[in-house]
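In case you want the letters, here they are:
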Amino acid sequence: MMNSAITQEKMNSTILDSIGEAVVIVDPSGRIIRNCNSVTEVLFGYSKSELIGQKTSILHVNREHFKKFGEESEKILNRGDVYKGEFQMKRKDGSIIDTYNTVSSLNKEQGWEEGVVSVIRDVTDQKETEKQLQSHVKERSILLAEMHHRVKNNLAVIAGLLYIQIESSVNEAVVESLKTSYCRLQSIAQVHEQLYKDAEMDANISLNSYLHQMAENVDEIIILPGIIISVDIQCQDITIPLLQAVPLGLLLSELLVNAYKHAFEGREKGRIQISCNIKDHHLNIDVSDNGIGLPEGFSLDSGSIGMEIVQTLTEQLNGRFSYTSQEGKGTAFTVSFIVAE
């Protein structure tokens, strides 16, 4: 009978030593270490003889950690489940290691004495790598935020100089040209303003927020005496990456400014509607108005600088651009492209 018990004990020890993680068998009454494997010796720096018969507190950072670990694991084990969690533990030399613990109950039906088995994995290197990655991400985020902030400020300086020229110029044609350029600059600055606020490496631009800000900027700079223009924006929760946000912003600014300047000649009020939706992976944006319509003979190749810019920007987006117009009832421009991931 005794030989049988010894044989079983040797077999259990052999099984434990074949496991590649530290394994500790614990007597739940008193939380006494009953057995462990060779990986445990290597991980914690104790010999097996130094550990067996000791409380598991020998492996914990302090009494508080020992108590907390016991409370958390026992609560799970009492429900018949397996406890899994990360905990800091202490080696013989006093150094602290990060560990991932899997604790489950043992029973005689499995060929073991009643008790608890704790499988301990050293995740110190993994946690250190995660910390370094998080540090690098934070550093890059700060640098990117600073870059976007500087770009935004530089654009603001240029926009300010343009505005001074607008205020001081008496040539109406020059003023109109400067106002258009001012709006183009503002559309780019908005992109960097949003990215500066988000300060994240993979930050995208909220299209809805961007369009509302753009509409405000255009309304402030394009002043048309005697005409009241309202802008209605209907946009889903859509985000676009920086590489597409800049050309799209310039394109939409061009269409919006064009509508403000030309769509409502001879009228006292007008309405511009911007709608956005995604269908079949394509982002579709419509900029429409209830104005006088496009002039007779209009075409995208009519030589208009604005339309040339719009078509060039559409090509940058690998998109499609189209329009419809009806005399006295308004015009609708549509741009469609696949949003990059």
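Before going further, it helps to spend a moment on the state of the cysteines. Going through the model one piece at a time under the given rule, you end up with 0 disulfides. Free of any disulfide, Cys276 has its nearest cysteine sulfur in Cys235, 3.6 Å distant. Among the residues examined, Cys276 registers a relative accessible area of 5% and is labelled buried.

Moving on to the packing of helix H8 (residues 242–262) against helix H9 (residues 305–316). Here H8 crosses H9 at 150°, and the two axes come no closer than 9 Å. Considering their axes alone, H8 and H9 lie roughly antiparallel with respect to each other. Note that H8 runs across H9; the crossing there is left-handed. Here Pro247, Leu250, Leu251, Glu254 and Leu255 of H8 come into contact with H9, specifically with Gly306, Met307, Ile309, Val310, Leu313, Thr314 and Gln316.

Take the packing of helix H7 (residues 207–221) against H8 next. Where H7 contacts H8, the axes come no closer than 11 Å and their chain directions differ by 40°. Taken together, the axis directions place H7 and H8 in an arrangement best described as oblique. Classified by chirality, the crossing of H8 by H7 is right-handed. Seen from H7, the contacting residues are Leu207, Tyr210, Leu211, Met214, Ala215, Val218 and Asp219; seen from H8, they are Ala245, Leu248, Gly249, Leu252, Ser253, Leu256, Val257 and Tyr260. The residue makeup of the contact of H7 with H8, split by class, is 12 nonpolar, 2 polar and 1 charged.

Estimates place the volume of the largest pocket at around 510 Å³. Along the walls of the largest pocket sit 25 residues, with Asn258, Ala259, His262, Ser304 and Met307 positioned nearest its centre. Of all the secondary-structure elements, those providing two or more residues to the lining of the largest pocket are helix H6 (172–198), H8, strand E10 (282–289), H9 and strand E12 (330–338). Looking at the lining of the largest pocket element by element, the count peaks at 7 residues for H8. Of the residues in the lining of the largest pocket, the class split is 12 nonpolar, 9 polar and 4 charged.

Turning our eyes to something else, we now look at the pairing of strand E11 (residues 320–326). Across 7 bridges, the pairing between E11 and E12 is antiparallel. In the sheet register, Ser325 faces E12, and the bridge partner there is Thr331. Hairpin geometry of E11 and E12 is characterised by an intervening segment of 3 residues between the two adjacent antiparallel strands and by a positive phi of about 80° at Gly328.

Tallied over the entire structure, the rule returns 5 aromatic pairs. Between Phe298 and Tyr323, the aromatic rings sit 5.3 Å apart at their centres with planes inclined by 85°, giving edge-to-face as the arrangement. With a gap of 25 residues between them, Phe298 in the loop between E10 and H9 and Tyr323 in strand E11 connect regions that are remote in the sequence. Measuring from ring centre to ring centre gives 5.7 Å for Phe321 and Phe333, while their planes differ by 15°; the resulting arrangement is stacked. Taken together, the positions of Phe321 in strand E11 and Phe333 in strand E12 put the pair 12 residues apart, joining distant regions of the chain. The burial state of Phe321 is the same as that of Phe333; both residues are buried. Put simply, the rings of Phe298, Phe321, Tyr323 and Phe333 touch in pairs and so form one group of aromatic residues. Taking the ring centre of Phe66 as reference, the NZ or CZ of Arg31 above it sits at 3.7 Å.

Thresholds applied
Residues numbered from 1 in each chain as written. Predicted model: local features only at pLDDT ≥ 70, side-chain atom pairs only at ≥ 80, totals over all residues. Heavy atoms only, no water. Disulfide = S-S within 2.5 Å. Buried < 20%, exposed > 50% of the residue type's maximum accessible area, 1.4 Å probe, protein only. Axes fitted to C-alpha atoms, helices over the stretch in contact; angles between N-to-C directions. Helix = DSSP H or I, 4+ residues; strand = E, 2+ residues; numbered from the N terminus. Parallel < 35°, antiparallel > 145°, perpendicular 65-115°, else oblique. Left-handed = near helix turned anticlockwise from the far one by under 90°. Contact = heavy atoms within 4.5 Å. Nonpolar A, V, L, I, M, F, W, Y, C, P; charged D, E, K, R; others polar. 1 Å grid on protein atoms, 1.4 Å probe; cavity = no way out; pocket = protein on both sides within 12 Å on 5 of 7 lines; lining within 4 Å. Points joined across faces, edges and corners; volume = space filled by probe spheres on them. Pairing = 2+ DSSP bridges. Phe/Tyr/Trp six-rings, centres within 6.5 Å; stacked < 30°, edge-to-face > 60°. Lys NZ or Arg CZ within 6 Å of the ring centre and 35° of its normal.

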